[in-house]
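Summary of structural features
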Amino acid sequence: MYRHVKNLQFAAKPEKPDAVYAMKLQELIGGQFGELTVTMQYLFQGWNCRIPGKYKDMLLDIGTEEIGHVEMISTMIARLLEGAPNETTEKAAAVNPVLGAVLGGMNPQHAILAGGGATPFNSQGVPWNTGYIVASGNLLADFRSNAHAEAQGRLQTSRLYNMSDDPGVRAMLKFNLARDTWHQQQWLLGIEQLQEDGLADIVEDSNFENEDKIQDHTYWVFDETSTATEGRWAQGRTLVDDQEILVQNPAVPSDDIGLLPPPDPKLYATYDGSQGRGKPGTAAGGTAQGIANVVKKVTGTD
């Protein structure tokens, strides 16, 4: 259950309206690394967390905080849009350079769709989408994604800070910068905690015993002039399993040259017949194949 408190986490009071900057600020709501993304990412990770206690609680705490960030920035955008033109003509814009400049930079969707308020879109009017979020069920992988999201979001906030000289805008962004700094550390400390609790290694290494035991510590060089082998990633011991890092120079490919099977004639792919005649496929064949796969899964047969 969520309860709403009227007081914002931090004041969102610009000194003066600025419709053009309001458009830019939309990136922090609906962009790939905006507040909507981290809100939904952390909440779904929390709701899906299989360990009751501190990990689940932290995810839900930070996800809930991010809801408040969406509210703050939405409020700031609405206040920046105060007094923005809601109707005009080309003639009016032509005789008023200031009005023309505003119209040239403001997002018309702020007026047309939202009635002078924020939208769940990025700075170019592209709608936010759930494809931005990561919630894998693996806390190590998720925490690394979270640290990345906070770093990217903080970088964008920092750039937007430099795009405004409004004291009120800057005051709120200073708060956001600080929270993004701390959240990056929280996720990195969360990774340390996972390791201390024996729930993760330094990297995601599920099925470690089944991977290729040469390629799991080999650096491939694809350019004879490359200086990449001077880096730590190409020399010394591995972080996992403490092996000496190998260098494969030049990279040796497999003997598979990637030839595809002949196409189904009814798909009308361009084909010269060099691989023989393609076999016609049918929906019935696909269904039969699907059923066979289900049977194998249920019975455990190959």
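Residues numbered from 1 in each chain as written. Predicted model: local features only at pLDDT ≥ 70, side-chain atom pairs only at ≥ 80, totals over all residues. Heavy atoms only, no water.

**Quick word on the packing of helix 3 (residues 35-47) against helix 8 (residues 139-162)**
Taken N-terminus to C-terminus, the directions of helix 3 and helix 8 make an angle of 165°; their axes are 11 Å apart at the nearest point. Here helix 3 lies roughly antiparallel to helix 8, going by the angle between them. Of the two possible hands of crossing, helix 3 and helix 8 adopt the one that is left-handed. Each of V38, Q41, Y42 and Q45 in helix 3 lies in contact with helix 8, whose residues at this interface are D142, S145, N146, A149 and E150. (Axes fitted to C-alpha atoms, helices over the stretch in contact; angles between N-to-C directions. Helix = DSSP H or I, 4+ residues; strand = E, 2+ residues; numbered from the N terminus. Parallel < 35°, antiparallel > 145°, perpendicular 65-115°, else oblique. Left-handed = near helix turned anticlockwise from the far one by under 90°. Contact = heavy atoms within 4.5 Å.)

**Describing the side chain of T157**
Residue placement: T157 occurs in helix 8. By relative accessible area, which is 2% here, T157 ends up buried. Polar side-chain contacts of T157 include one of 2.9 Å to the backbone oxygen of G153. (Buried < 20%, exposed > 50% of the residue type's maximum accessible area, 1.4 Å probe, protein only. Polar contact = N/O pair within 3.5 Å; in protein donor to acceptor, adjacent residues only side chain to side chain.)

**What to know about the environment of Q32**
By secondary structure assignment, the location of Q32 is in the loop between helix 2 (27-30) and helix 3. Q32 sits in the partly exposed class, given a relative accessible area of 41%. Sequence-wise, Q32 and Y132 are 100 residues apart; in three dimensions their C-alpha atoms are separated by 5.7 Å. If sequence neighbours within four positions are ignored, Q32 has contacts with E27, T37 and Y132.

**Quick word on the nonpolar core**
In terms of nonpolar packing, the biggest core is built from 22 residues, with L25 and L173 touching the most fellow members. Considering each element in turn, this core owes the most residues, six residues, to helix 4 (residues 54-80). Membership of the second largest hydrophobic core comes to 16 residues, among which are C49, L139, F143 and A147. (Core = buried A, V, L, I, M, F, W, Y, C linked by side-chain atoms within 4.5 Å.)

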